Amino acid sequence: MAGKLSPSVMCADLLNLSSEIEKLDKLGVEYLHIDFMDNKFVPNITFDTNMVKSMKKPMKNIRRDIHIMAFEPQQFFDKMEIGSGDLVSIHLEACEDAHAVLKDISDRGADACLAISPDTPVESVVEYLDEVCAVLLMTVYPGFAGQPMAPGSMERLAELRKIIDNSGKDVLIEVDGHVSWDHCGEMRSRGADIFVAGSSSVYGKEYELNEAVKKFYSLVE
Ligand code: DX5
Ligand code: ZN
């Protein structure tokens, strides 16, 4: 399976979100990475639940890839209208009972994904592999775009891929944070499947959006 792209909408032109999303949809991009932050689990706020809901507008290709950086994330699911077609990532570090929260996501017909921050051991995902479609490996400390990669991220990615492959489970790996032009190819070779592309690539200054998307796909095929 070729690498899939999930541009981080918090890095897009926020005053023209609808046309930004349509452009991505027309380019055949698979996911729209929507970062939701509660200003408690991470010291930042991005979109509110209304904005996340509004980004569920019917599109040809693109699906919502909602990354919830919030304590007890299930409290927001109704307002976001979580449902089929969505990929929803919740943080292991932010839930009392991640098993229950992941089940809630699946019961709503969405794909459940478990996110882990850079200081969380990759082995901690093992007990959840039956309940998720993907693991979101944070390669920066969650909360802000434009950060440098967290040390040891590439090794963690390779280790996570090995753990998942040894489990025999069909679970994808999504990488999020400083997925730069220089890093994305190596991330692909170390086992990443879905790439959150933000300020260090697709929303950088080097290329027009359509050129950037084409270049990204050429690096992660
Ligand atoms: C950070 C977010 C990322 C961020 C990625 O907490 O989860 O999605 O937007 O942006 P860059 O590519 O700039 O690190
Ligand atoms: Zn994110």
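See the structure printed just above.
Remember, predicted model here, so these are calculated numbers, not experimental data.

Analysis parameters
- Residues numbered from 1 in each chain as written.
- Chains lettered and ligands numbered in written order.
- Predicted model: local features only at pLDDT ≥ 70, side-chain atom pairs only at ≥ 80, totals over all residues.
- Heavy atoms only, no water.
- Donors = N, O, S within 2.8 Å, 3.2 Å for Na, K, Ca; no water.
- Tetrahedral: all angles 85-135°; square planar, octahedral: opposite > 155°, others 65-115°.
- Near = heavy atom within 4 Å.
- Polar contact = N/O pair within 3.5 Å; in protein donor to acceptor, adjacent residues only side chain to side chain.
- Areas by Shrake-Rupley, 256 points an atom, 1.4 Å probe, with all protein chains shown as cover.
- 1 Å grid on protein atoms, 1.4 Å probe; cavity = no way out; pocket = protein on both sides within 12 Å on 5 of 7 lines; lining within 4 Å.
- Sits in = over half its atoms within 2 Å of the grid points.
- Helix = DSSP H or I, 4+ residues; strand = E, 2+ residues; numbered from the N terminus.
- Nonpolar A, V, L, I, M, F, W, Y, C, P; charged D, E, K, R; others polar.
- Disulfide = S-S within 2.5 Å.
- Buried < 20%, exposed > 50% of the residue type's maximum accessible area, 1.4 Å probe, protein only.
- Contact = heavy atoms within 4.5 Å.
- Salt bridge = Lys/Arg side-chain N within 4 Å of Asp/Glu carboxyl O.
- Pairing = 2+ DSSP bridges.
- Right-handed = clockwise from strand over helix to strand, strands pointing away.
- Core = buried A, V, L, I, M, F, W, Y, C linked by side-chain atoms within 4.5 Å.
- Phe/Tyr/Trp six-rings, centres within 6.5 Å; stacked < 30°, edge-to-face > 60°.
- Lys NZ or Arg CZ within 6 Å of the ring centre and 35° of its normal.

Novice: I tried to follow the coordination of the zinc ion (ligand 2) on my own but got confused; where do I start?
Specialist: Six octahedral donors around a metal ideally make angles of 90 or 180 degrees; four tetrahedral donors ideally make 109.5 degrees. Distances from the zinc ion (ligand 2) to its protein donors, namely His33 (NE2), Asp35 (OD), His67 (ND1) and Asp176 (OD), fall within the range 2.1 to 2.3 Å. Taken together, the six donor atoms coordinating the zinc ion (ligand 2) span angles of 68 to 174° at the metal, a pattern that classifies the geometry as octahedral.

Novice: What is the right way to look at the site of ligand 1 in this model?
Specialist: In the vicinity of ligand 1 lie 21 residues, with Ser8, Gly143, Gly146, Asp176 and Ser199 positioned nearest. Here Asp35 contributes a side-chain N or O atom positioned 2.9 Å from an oxygen atom of ligand 1. One nitrogen or oxygen atom from the main chain of Gly146 is found 2.8 Å from an oxygen atom belonging to ligand 1. Contact with the protein chains covers 100% of the free accessible surface of ligand 1, which is 380 Å². Judged by its atoms lying within 2 Å of the grid points, ligand 1 is housed in the largest cavity. Contributing elements (two or more residues each) for the shell around ligand 1: β2 (31-37) and β3 (63-69). With three residues, the top contributor of residues to the shell around ligand 1 is β2. Looking at the shell around ligand 1, its residues break down into nine nonpolar, ten polar and two charged.

Novice: Honestly, the state of the cysteines in this entry has me stumped. Any pointers?
Specialist: When the sulfur atoms of two cysteines share a covalent bond, that bond is a disulfide. Scanning the model with the defined rule gives zero disulfides in all. Left unpaired, Cys113 is separated from the closest cysteine sulfur, that of Cys133, by 8.2 Å. Looking at Cys133, the relative accessible area reads 32%, which means it is partly exposed.

Novice: Could you clarify how one ought to interpret the environment of Phe76 in this entry?
Specialist: Secondary-structure assignment places Phe76 in the loop between β3 and α3 (77-80). The buried category is assigned to Phe76, whose relative accessible area is 16%. Among residues more than four places away in sequence, those in contact with Phe76 are Phe36, Thr49, Ala70 and Phe71.

Novice: So what exactly am I meant to see when it comes to the pattern of salt bridges here?
Specialist: As a working rule, side chains carrying opposite charge can pair if their charged atoms are close by. Scanning all chains against the criterion turns up 13 salt bridges. In this structure, Lys23 and Glu20 form a salt bridge, with 3.0 Å as the shortest nitrogen-oxygen distance. Remark: Glu20 and Lys23 occur in helix α1 (residues 17-26); sequence separation between them is three residues, near one turn of the helix. Between Asp86 and Lys56 there is a salt bridge whose closest N-O contact spans 2.9 Å. With a gap of 30 residues between them, Asp86 in the loop between α3 and β4 (87-91) and Lys56 in the loop between α2 (49-54) and β3 connect regions that are remote in the sequence. Asp86 sits in the buried class, given a relative accessible area of 2%. Bridged by salt links that share partners, the residues Arg161, Asp165, Arg188 and Asp193 form one connected network.

Novice: Can you walk me through the pairing of strand β8 (residues 194-197) in this structure?
Specialist: Each regular strand shows side chains that alternate between the opposite faces of the sheet. Going residue by residue along β8, you find Ile194 and Val196 tucked away on one face and Phe195 and Ala197 tucked away on the opposite face as well. By the bridge criterion, four bridges tie strand β1 (residues 4-7) to β8 in an arrangement that is parallel. Within β8, the residue paired with Pro7 across the bridge is Ala197. Two strands pair when backbone bridges link them, and strand β7 (residues 172-176) and β8 are joined in this way by three bridges, in the parallel orientation. In the strand pairing of β8, Asp176 is matched with Val196. You can see the chain leave β7, run along helix α6 (residues 181-189) and come back into β8, and the turn it takes is right-handed.

Novice: Got a minute to help me understand the nonpolar core in this structure?
Specialist: The tendency in soluble globular proteins is for nonpolar side chains to be buried side by side. Ranked by internal contacts, the top residues of the largest apolar core, which has 70 residues, are Ile90, Leu114, Met187, Phe195 and Phe216. Non-local contacts of Met187, meaning those with residues more than four positions away in its chain, are made with Thr139, Met149, Met154, Leu157, Val175, Gly177, Val179, Ala192 and Phe195. Within the second largest apolar cluster, nine residues are counted, among which are Tyr31, Leu87, Ala134 and Ile194.

Novice: Whenever I open this one, the packing of aromatic side chains confuses me. Can you help?
Specialist: Describing an aromatic ring pair means giving the distance of the ring centres and the angle of the ring planes. By the definition in use, this model includes five aromatic pairs. Ring geometry for Trp181 versus Phe216: centroids 6.0 Å apart, planes at 50°, classification tilted. Of the two residues, Trp181 sits in helix α6 while Phe216 sits in helix α7 (residues 209-220), which places them 35 residues apart along the sequence. Like Phe216, Trp181 is buried. Taken together, a centroid distance of 5.9 Å and an interplanar angle of 65° make the contact between Phe195 and Phe216 edge-to-face. With Phe195 in strand β8 and Phe216 in helix α7, the pair connects residues that are 21 residues apart, well separated along the chain. Given a relative accessible area of 0%, Phe216 falls into the buried group. Every member of this aromatic cluster is reached through a ring pair, and the members are Trp181, Phe195, Tyr207 and Phe216. One cation-aromatic arrangement involves Lys215 over Trp181; the distance from NZ or CZ to the ring centre is 5.3 Å.

Fair warning: the whole summary comes from geometry, so function is off the table for now.
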